[in-house]
Amino acid sequence: MLIDEVLQETGRCEKRHRRLPARAVVYFVLAMCLFSGSDSLCPPGYRSVMGNLLTGLHDLCRGGGYTLATSSALTQARQRLGAAPLKALFDRVRGPIAPPRSPWAEAFGLRVVARDGTTLEVADSPPNAARFGHVGHSKDNPGTDARARAVAAVERSGRSNGASLGSNPLVRLMMLVECGTHAVIDAVFDAASSVSELVLAGRLVDSLSRGMLLLADRNFAGHELWGRCADTGADLLWRVKKNLVFFVVEPLPDGSFLSVMPTPTESRRHGMARFHGRPIDAPPQGHPIRVIEYTVTLTGTDGAERVEPFRLVTTLLDHRRAPAIELAALYAQCWESETAYSNFKTRIRGADTVLRSRGPSGVEQEIYAFLVLFQTLCRIQVAAATRGHIDPDRVSFTITIRAARMHAARPRALLTTRQQRQEHDDFLDELLRDRLPRRRPRQCPRQRRPSRSRYASKRRDQPRPSIRAACQILIAEPPVMHGYALN
């Protein structure tokens, strides 16, 4: 089996008989992530997770007389296992999963992929704080955004508040996803306090290949990163900021124009020429690109209109192969990465849930387990969509994970191969019975839900020592009732 292979590869196979063998612990860690968002209050405890899996682990744990392990035993088993097996398992299962020539996964004969970043909160323990830090509090990188600078100024002045000092350590995660299926092609993560999205994007370059079309938001456009991504053979379609100035090399019939993404030196030289009013006759040196400028007008049901300008740059220079209007419509697929993060962070992990591991190795193990689980659920969705001849977007991720939780708790250790195949087919049919309708054009503003708690956040510099209290109960005497006689 695949798990046995990664355990052998990473040297985690047991040299002596244990009540919790490494193979069972891998299943336990995956189940821990599977049931993480099953309760809105908090993730279920170790014994609760193991109780759900106990009926299916008899054959893995050498007999049916297995008793439920304690939480401390499961914690020690996780520590023995480490993060290496889960990382190796993720390397085995990651990658695109859409069948070749799928209309919902390709455009212009290219596989459409997207990348974006997000953050995950981890337990606020001293080891996690030392490894991942807090945003705006890194020694090497005190922060590059306005919030980080404000936090540093507050700390220098000696005045702090809960808003700036109350967050947990953050891990910055970036995934390269297949837009048609949300499958994870690759993923990297590091401390959010010291590593930016641009650094993580550079680590994902090697996962690009010829035949891909990479969509990216306007935070990533730059000469160096653009060149590294283009050198892989993948085509690019990125949004860029409106303050960038591009030299018009050749206007094209579809409204786009050929231009150059200049080197930093050439960009400064042309900027100085524009500032002093000197004419610019020749294009700068850099990467050849095609620029598409357009506006999107959104009209709501109430008749209100909102107009937003867009500017895209691409390596698809032939306007006959890739017309500007089709590229502009395709860029909306970039937000499929947001849908993937919504499924990952809200439906699997649980909304506003903090990763439970209190050490960096456990955090790494937990994140890789979530990635393996997410990839597995995406494969189930694609299998159901293929069976039903529909787009994977019509297979509900919420129903998929709920069905997976119910099936994980069913005993299947004694099922024959034929029965397991039948159960797998019934599982896919169950997802197809509750298929989603076709997507309707709609808009949703990006807003953050206000906190439901009326209490102030605890600051990290605010100690809350445990105080011993003495409790005394005094029973009051009954009131005197005048006019009544007690017999």
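Quick notes on the rules
Residues numbered from 1 in each chain as written. Predicted model: local features only at pLDDT ≥ 70, side-chain atom pairs only at ≥ 80, totals over all residues. Heavy atoms only, no water. pLDDT = per-residue confidence, 0-100. Contact = heavy atoms within 4.5 Å. Salt bridge = Lys/Arg side-chain N within 4 Å of Asp/Glu carboxyl O. Helix = DSSP H or I, 4+ residues; strand = E, 2+ residues; numbered from the N terminus. Buried < 20%, exposed > 50% of the residue type's maximum accessible area, 1.4 Å probe, protein only. Phe/Tyr/Trp six-rings, centres within 6.5 Å; stacked < 30°, edge-to-face > 60°. Lys NZ or Arg CZ within 6 Å of the ring centre and 35° of its normal. Arc of directions from axis to C-beta. Expected span 1.5 Å × (residues − 1). Polar contact = N/O pair within 3.5 Å; in protein donor to acceptor, adjacent residues only side chain to side chain. Disulfide = S-S within 2.5 Å. Pairing = 2+ DSSP bridges.

Engineer: Can you explain the confidence of the model for the protein? Please cite residues and give values.
Structural biologist: For the protein, per-residue confidence averages 84 on the pLDDT scale, and residues scoring 70 or more make up 84% of the total. Segment residues 138-165 is flagged for pLDDT under 50; beyond a separation of four residues in sequence, or across chains, it makes 35 contacts in the model.

Engineer: Pulling in residues and values, what's your account of the pattern of salt bridges?
Structural biologist: For the coordinates displayed, the defined rule picks out 17 salt bridges. A salt bridge links D4 to R23; its shortest N-O distance comes to 3.7 Å. Placement of D4 in helix α1 (residues 2-10) and of R23 in helix α2 (residues 22-34) is noted, with a sequence separation of 19 residues between them. D4 sits in the partly exposed class, given a relative accessible area of 33%. Here D425 and R387 are joined by a salt bridge, their closest N and O atoms 3.6 Å apart. Taken together, the positions of D425 in helix α16 (residues 417-433) and R387 in helix α14 (residues 360-388) put the pair 38 residues apart, joining distant regions of the chain. The exposure class of R387 is partly exposed, given its relative accessible area of 38%.

Engineer: Just give me the short version of the packing of aromatic side chains, but keep the residues and values in it.
Structural biologist: The tally for this structure, following the rule as stated, stands at nine aromatic pairs. Look at F310 and Y331: their rings are 6.2 Å apart centre to centre, the planes differ by 65 degrees, and that puts the pair in the edge-to-face class. Residue F310 is found in strand β10 (residues 305-314), and its partner Y331 is found in the loop between α12 (324-330) and α13 (336-348); the two are separated by 21 residues along the sequence. Here F310 matches Y331 in class, with each residue buried. One aromatic cluster in this structure is built from F344, F370, F374 and F397. The ring of F220 carries R115 above its face, with NZ or CZ at 4.8 Å from the centroid. Between the NZ or CZ atom of R239 and the centre of the ring of F310, over which it lies, the distance is 4.0 Å.

Engineer: Any details on the environment of R218? Residues and values, ideally.
Structural biologist: Among the structural elements, R218 can be located in the loop between β5 (212-216) and α10 (223-231). With a relative accessible area of 40%, R218 lands in the partly exposed category. The spacing of R218 and V240 is 22 residues in sequence and 4.4 Å in space, taken between C-alpha atoms.

Engineer: Now, about unusual backbone geometry: what can you tell me, with residues and values included?
Structural biologist: In this structure, R101 is a non-glycine residue whose phi angle is positive, near 60 degrees. Examined against the element boundaries, R101 turns out to sit in the loop between α5 (84-93) and β1 (106-107). According to the relative accessible area criterion, R101 is exposed, its value standing at 72%. Residues other than glycine seldom take positive phi values, yet D352 does so here, at roughly 55 degrees. Among the secondary structure elements, D352 is positioned in the loop between α13 and α14.

Engineer: A description of helix α4 (residues 71-81) should follow, citing residues and the corresponding values.
Structural biologist: Those residues of α4 that fall on the buried side of the exposure criterion are L74, A77, R78 and L81. Looking down the long axis of α4, one finds its buried residues gathered within 100 degrees of arc, a one-sided arrangement.

Engineer: Can you explain helix α15 (residues 397-408)? Please cite residues and give values.
Structural biologist: Spanning 12 residues, α15 covers 16 Å between terminal C-alpha atoms, matching the ideal 16 Å at 1.5 Å per step. If you check which residues of α15 are buried, you get F397, T400, I401, A403, A404, R405 and H407. The elements touched by buried residues of α15 are α2, α13, α14 and α16. With a side-chain oxygen lying 3.3 Å from the backbone nitrogen of T398, the N-terminal cap of α15 falls on S396.

Engineer: Provide a residue-level description of the state of the cysteines, including the pertinent values.
Structural biologist: As used in these notes, a disulfide is a covalent bond between sulfur atoms, one from each of two cysteines. Following the criterion strictly, the structure yields zero disulfides and no others. Here C179 stays free of any disulfide, with the sulfur of C334 as its closest cysteine sulfur at 7.1 Å. Since its relative accessible area comes to 3%, C179 is described here as buried.

Engineer: So what about the environment of Y27? Which residues, and what values?
Structural biologist: Relative to the helices and strands, Y27 resides in helix α2. It is 8.6 Å that separates the C-alpha atoms of Y27 and L53, two residues lying 26 residues apart in sequence.

Engineer: So what about the pairing of strand β9 (residues 286-299)? Which residues, and what values?
Structural biologist: Looking at chain direction, strand β8 (residues 257-262) and β9 are connected through six bridges and run antiparallel. Its bridge partner lying in β9, S259 is registered against I289. Where β9 lies against β10, 10 bridges are found, and the strand directions are antiparallel. Within β10, the position partnered with V291 by the bridge is V313. Connecting β9 to the next strand, β10, in antiparallel fashion are five residues, including G303 with a positive phi near 90 degrees.

Engineer: Account for the pairing of strand β2 (residues 110-121), with residues named and values stated.
Structural biologist: With 10 of its 12 residues buried, β2 lies for the most part within the structure. With two bridges connecting them, β1 and β2 associate as antiparallel partners. Residue A107 lies in a different strand from β2, and its bridge partner there is L110. Turn length for the β1-β2 hairpin, with the two strands adjacent in sequence and antiparallel, is two residues, and the turn residue F108 shows positive phi of about 60 degrees. In the sheet, β2 pairs with β5 via four bridges, with the strands oriented parallel. Looking at β5, one finds that V112 is bridged to L213. Direction of pairing for β2 relative to strand β3 (residues 170-178): antiparallel, over a ladder of nine bridges. In the sheet register, D116 faces β3, and the bridge partner there is M175.

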